[in-house]
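Letter by letter, the chains look like this.
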Amino acid sequence: MLTDDGKHLYVSWDEYHMLIERLALKVHNSGWQFDQILCLARGGMRPGDVLSRVFDKPLAIMSTSSYRAEAGTIQGRLDMAKYITMPKGELAGRVLLVDDLADSGITLRAVVDRLRGMPAIAELRSSVIWVKGVSSYTPDYFVETLPTSPWIHQPFEEYDNLRPEGLAKKYEV
């Protein structure tokens, strides 16, 4: 649910899963056949996992990070992992890149540029759940466009500040 001022979007688990399924349908309905999925950790891991299962394709993971300050709400310098983790072989052929959102577009653009420089990748397409209006990059597949630039409160954020001690208190008998 988008707040009246357009500054916050609250997403429940049910909405989140429905949006991932709609993303899968957008990719499927395009008719594009791909060989592998590469998700960006951390935001793209859940959508990447679901798409990997739905399409029965191998899942590779690339770690990126730019949100650090203010409990992960302020974008900083982009860090990209040197290596891509995958169960076997190399990232090659037709690759679907998956993340949760195109915020500023900086991360997606940098990753796409890096991947397009890899000779083993024959074709690359990108997919996200949300594209913010301020994004400088528009993925090939997306579910929702957000004309404002709200902070998206995803359902798993409850774990950002939960520590083992908090879990122990939650389940004390």
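Residues numbered from 1 in each chain as written. Predicted model: local features only at pLDDT ≥ 70, side-chain atom pairs only at ≥ 80, totals over all residues. Heavy atoms only, no water.

Naming follows an unreviewed UniProt entry, where the protein appears as Phosphoribosyltransferase of Caldimonas mangrovi.

A. Representation of the pattern of salt bridges. For the structure on display, the rule yields 4 salt bridges. For Asp-49, the salt bridge identified is with Arg-53, shortest N-O distance 3.0 Å. Linking Asp-49 with Arg-53, this pair stays in helix α2 (residues 45–55), spanning 4 residues, or about one helical turn. Here Asp-103 ties to Lys-132 by a salt bridge, and the two come within 3.6 Å at their closest N and O atoms. Linking Asp-103 in the loop between β6 (101–102) and α4 (106–116) with Lys-132 in strand β7 (residues 121–132), this pair joins segments that are 29 residues apart in sequence. (Salt bridge = Lys/Arg side-chain N within 4 Å of Asp/Glu carboxyl O. Helix = DSSP H or I, 4+ residues; strand = E, 2+ residues; numbered from the N terminus.)

B. Fine view of the side chain of Gln-154. On the secondary structure map, Gln-154 appears in the loop between β9 (151–153) and α5 (164–170). At 2.8 Å, the side chain of Gln-154 and the side chain of Asp-100 are in polar contact. Excluding its chain neighbours within four sequence positions, the residues that come into contact with Gln-154 are Val-11, Tyr-16, Asp-100, Leu-101 and Trp-130. (Polar contact = N/O pair within 3.5 Å; in protein donor to acceptor, adjacent residues only side chain to side chain. Contact = heavy atoms within 4.5 Å.)

C. A look at helix α1 (residues 13–30). Helix length check: α1, at 18 residues, gives a terminal C-alpha distance of 26 Å against a target of 26 Å (1.5 Å per residue), a fit within 8%. Those residues of α1 that fall on the buried side of the exposure criterion are Tyr-16, Leu-19, Ile-20, Leu-23, Ala-24 and Val-27. Taken around the axis of α1, the buried residues stretch over an arc of 140°, which confines them to a single face. Exposed and oriented more than 90 degrees from the buried face of α1 are Asp-14, His-28 and Asn-29. Buried positions along α1 lie against α2, β5 (93–98), β7 and β8 (141–146). Two residues or fewer after α1 comes Gly-31, characterised by a positive phi angle close to 80°. (Expected span 1.5 Å × (residues − 1). Buried < 20%, exposed > 50% of the residue type's maximum accessible area, 1.4 Å probe, protein only. Arc of directions from axis to C-beta.)

D. Looking closely at the side chain of Ser-126. With respect to the helices and strands, Ser-126 occurs in strand β7. Residue class for Ser-126 comes out buried when judged on its relative accessible area of 1%. A polar atom in the side chain of Ser-126 sits 2.9 Å from the side chain of Tyr-137. Ser-126 has contacts with Leu-96, Leu-97, Tyr-137, Pro-139, Asp-140 and Tyr-141, leaving out every residue within four places of it along the chain.

E. Looking closely at the packing of α1 against α2. Between α1 and α2, the shortest axis-to-axis distance is 10 Å and the interhelical angle comes to 50°. Comparing their axes, α2 and α1 come out oblique. Considering only the axes of α1 and α2, their crossing is right-handed. Contacts between α1 and α2 involve Trp-13, Tyr-16, Ile-20, Leu-23, Ala-24, Val-27 and His-28 from the former and Arg-46, Pro-47, Val-50, Leu-51, Val-54 and Phe-55 from the latter. (Axes fitted to C-alpha atoms, helices over the stretch in contact; angles between N-to-C directions. Parallel < 35°, antiparallel > 145°, perpendicular 65-115°, else oblique. Left-handed = near helix turned anticlockwise from the far one by under 90°.)

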